[in-house]
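If you want the building blocks of each chain, they are given just below.
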Amino acid sequence: MEENCIFCKIVNGDFGTDFILENDYAVVFNDINPKTPVHILVVPKTHVASLNELDDKNLLGELMMTVKQAAKKVGLSSYKTLINTGKEAGQEVFHLHIHIMGDKN
Ligand code: 5GP
Ligand code: ZN
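To start, this report covers the structure provided alongside it. (Residues numbered from 1 in each chain as written. Chains lettered and ligands numbered in written order. Predicted model: local features only at pLDDT ≥ 70, side-chain atom pairs only at ≥ 80, totals over all residues. Heavy atoms only, no water.)

## Brief notes about the coordination of the zinc ion (ligand 2)
Taken together, C5 (SG), C8 (SG), H47 (ND1) and H95 (ND1) make up the protein donors of the zinc ion (ligand 2), found 2.0 to 2.3 Å from the metal. The coordination sphere of the zinc ion (ligand 2) comprises four donor atoms, whose angles at the metal cover 106 to 114°; the geometry is tetrahedral. Read N to C, the donor residues that coordinate the zinc ion (ligand 2) are spaced as C-x2-C-x38-H-x47-H. Taken together, the residues span a long stretch of sequence, with C5 in the segment before α1 (6-11) and H47 in the loop between β3 (38-44) and α2 (57-73) at a distance of 42 residues. (Donors = N, O, S within 2.8 Å, 3.2 Å for Na, K, Ca; no water. Tetrahedral: all angles 85-135°; square planar, octahedral: opposite > 155°, others 65-115°. Helix = DSSP H or I, 4+ residues; strand = E, 2+ residues; numbered from the N terminus.)

Take a look at the structure:
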């Protein structure tokens, strides 16, 4: 848990955020400012600042499996995934997360 990290606090339950899905590796919740009709975030439970800091292949695999499970759970069969890495690329929260974006179908 990193101090002053908003996603660490969400993972920790500090804000009472509803989790769409939770497993040993990640939590999934709605983006607060959705850019598509369905916009959810897959967030590892451990603090990793960005993809550049990730060296755990097993965690990466678990996160992608969680993407698939979460998409299914919210009823998406078609969706985009996005990882912003670095400020210039639009990363705002420096705790790794995978966006899942789609239209309800
Ligand atoms: P980034 O630009 O870092 O890839 O994406 C950060 C995302 O986190 C943005 O889409 C933003 O709307 C979302 N976000 C930022 N703060 C919060 C928050 O406190 N709660 C939730 N649910 N989403 C957040
Ligand atoms: Zn964090």
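## Some details on the sheet that holds strand β2 (residues 26-30)
An order of β1-β2-β3-β5-β4 is seen for the five strands of this open sheet, with the pairing classed as antiparallel. Of all strands in the sheet, those with a lone pairing partner are β1 (21-22) and β4 (80-82), marking the two edges. As judged from the five bridges shared by β2 and β3, these two strands associate in the antiparallel manner. Looking at β3, one finds that V27 is bridged to V43. (Pairing = 2+ DSSP bridges.)

## Some points on α2
Here α2 spans 24 Å end to end across 17 residues, near enough to the 24 Å set by a 1.5 Å rise per residue. Of all the residues in α2, the buried ones are L59, L63, T66, V67, A70 and A71. For α2, the buried positions fall inside an angular range of 130° around the axis, keeping them on one side. Along α2, the residues that are exposed and aim more than 90 degrees away from the buried face are K57 and K72. Contacts made by the buried residues of α2 are with β1, β2, β3, β4 and β5 (98-102). For α2, the N-terminal cap is D56; the gap from its side-chain oxygen to the backbone nitrogen of N58 is 3.1 Å. (Expected span 1.5 Å × (residues − 1). Buried < 20%, exposed > 50% of the residue type's maximum accessible area, 1.4 Å probe, protein only. Arc of directions from axis to C-beta. Contact = heavy atoms within 4.5 Å. Polar contact = N/O pair within 3.5 Å; in protein donor to acceptor, adjacent residues only side chain to side chain.)

## Some remarks on the site of ligand 1
Looking at ligand 1, there are 17 residues lining it, with D31, G90, E92, H97 and H99 nearest. At a separation of 3.4 Å, an oxygen atom of ligand 1 approaches a polar side-chain atom of K35. H97 is positioned such that a nitrogen or oxygen atom in its side chain is 2.9 Å from an oxygen atom of ligand 1. The fraction of the free accessible surface of ligand 1 (520 Å²) that becomes covered by protein chains is 86%. Given that more than half its atoms are within 2 Å of the pocket grid, ligand 1 belongs to the largest pocket. Of all the secondary-structure elements, those providing two or more residues to the shell around ligand 1 are α1 and β2. Top element by residues in the shell around ligand 1 is α1. It accounts for three residues. Residues belonging to the shell around ligand 1 are distributed by class as follows: seven nonpolar, seven polar and three charged. (Near = heavy atom within 4 Å. Areas by Shrake-Rupley, 256 points an atom, 1.4 Å probe, with all protein chains shown as cover. 1 Å grid on protein atoms, 1.4 Å probe; cavity = no way out; pocket = protein on both sides within 12 Å on 5 of 7 lines; lining within 4 Å. Sits in = over half its atoms within 2 Å of the grid points. Nonpolar A, V, L, I, M, F, W, Y, C, P; charged D, E, K, R; others polar.)

## Things to note about the packing of aromatic side chains
Summed over all chains, the structure comprises two aromatic pairs. Geometrically, the ring pair formed by F19 and F29 is tilted, given 6.4 Å between the ring centres and 40° between the ring planes. Remark: F29 occurs in strand β2 and F19 occurs in the loop between α1 and β1; sequence separation between them is 10 residues. Overall, F29 belongs to the buried group, its relative accessible area being 3%. Among the aromatic residues, those joined into a cluster by ring pairs are F7, F19 and F29. (Phe/Tyr/Trp six-rings, centres within 6.5 Å; stacked < 30°, edge-to-face > 60°.)

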